[in-house]
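# Residue-level structural notes
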Amino acid sequence: TASFPRFTREEVGRHHNEANRVWVTYGNEVFDVTDFLELHPGGKSKILLAAGGALEPFWALYAMHKQDHVQEILQEYKIGEL
Ligand code: HEM
């Protein structure tokens, strides 16, 4: 299995806009979803609400993300682990 770099939550938090790139976490995994912003069916602005932090509180509200195909998309953007 691939080995990913480790990041702290503080470092993830610095990536909270497009200028600094948009990172999010899910579990202990870190994703750079900057290149997905324009592709998101729910719009760019929704992802920016979670930028620099955890997806879980948002995906608890928008349960359509709890599908295998959404997880597969997210995994394409993985850059590291906490
Ligand atoms: C829909 C992916 C973050 C809100 C979707 C869909 C995908 C997706 C694939 C379509 C699902 C389907 O219809 O089967 C992602 C990924 C995210 C992300 C990879 C990680 C950054 C968010 C966040 C929010 C959000 C943080 C809310 C704050 C929505 C909404 C829809 C949606 C409202 C429904 C759009 C519609 O059908 O009109 N997302 N999403 N998403 N997402 Fe996200």
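Just above, that's the structure.
These numbers were taken from a predicted model, which means no experiment stands behind them.

### Overview of the coordination of the iron atom of the ligand
Looking at the iron atom of the ligand, the protein donor atoms are His40 (NE2) and His65 (NE2), and they sit 1.9 to 2.0 Å from it. Every donor counted, the six donor atoms about the iron atom of the ligand form angles of 89 to 180° at the centre, which fits octahedral coordination. Placement of the pair is histidine 40 in the loop between β3 (29-32) and α2 (44-50) and histidine 65 in the loop between α3 (56-61) and α4 (68-75), with a sequence separation of 25 residues. Under the relative-accessibility criterion, histidine 65 is labelled buried at 13%.

### Some points on a nonpolar patch on the surface
Taken together, the side chains of Leu61, Tyr62 and Met64 make up a nonpolar region of the molecular surface, amounting to roughly 330 Å² of accessible area. Residue tyrosine 62 is classed as partly exposed on the basis of its relative accessible area, which comes to 35%.

### Quick word on the pairing of β3
Alternating residues of β3 divide into Glu29 and Phe31 and Val30 and Asp32, and every residue in both groups is buried. One ladder, built from four bridges, connects strand β2 (residues 21-26) with β3; its direction is antiparallel. Across the sheet, tyrosine 26 pairs through a bridge with glutamate 29, a residue of β3. Joining the antiparallel neighbours β2 and β3 is a turn of two residues, in which glycine 27 adopts a positive phi near 60°. Taken together, the three bridges between β3 and strand β4 (residues 78-81) define a ladder with antiparallel strand orientation. Across the sheet, the residue bridging to valine 30 is glycine 80, located in β4.

Definitions and limits used
Residues numbered from 1 in each chain as written. Predicted model: local features only at pLDDT ≥ 70, side-chain atom pairs only at ≥ 80, totals over all residues. Heavy atoms only, no water. Donors = N, O, S within 2.8 Å, 3.2 Å for Na, K, Ca; no water. Tetrahedral: all angles 85-135°; square planar, octahedral: opposite > 155°, others 65-115°. Helix = DSSP H or I, 4+ residues; strand = E, 2+ residues; numbered from the N terminus. Buried < 20%, exposed > 50% of the residue type's maximum accessible area, 1.4 Å probe, protein only. Patch = residues over 30% accessible without salt bridge, like charges linked within 9 Å, V, L, I, M, F, W, Y side chains within 5 Å. Areas by Shrake-Rupley, 256 points an atom, 1.4 Å probe, with all protein chains shown as cover. Salt bridge = Lys/Arg side-chain N within 4 Å of Asp/Glu carboxyl O. Pairing = 2+ DSSP bridges.

Read these as layout, nothing more, since geometry by itself doesn't imply function.
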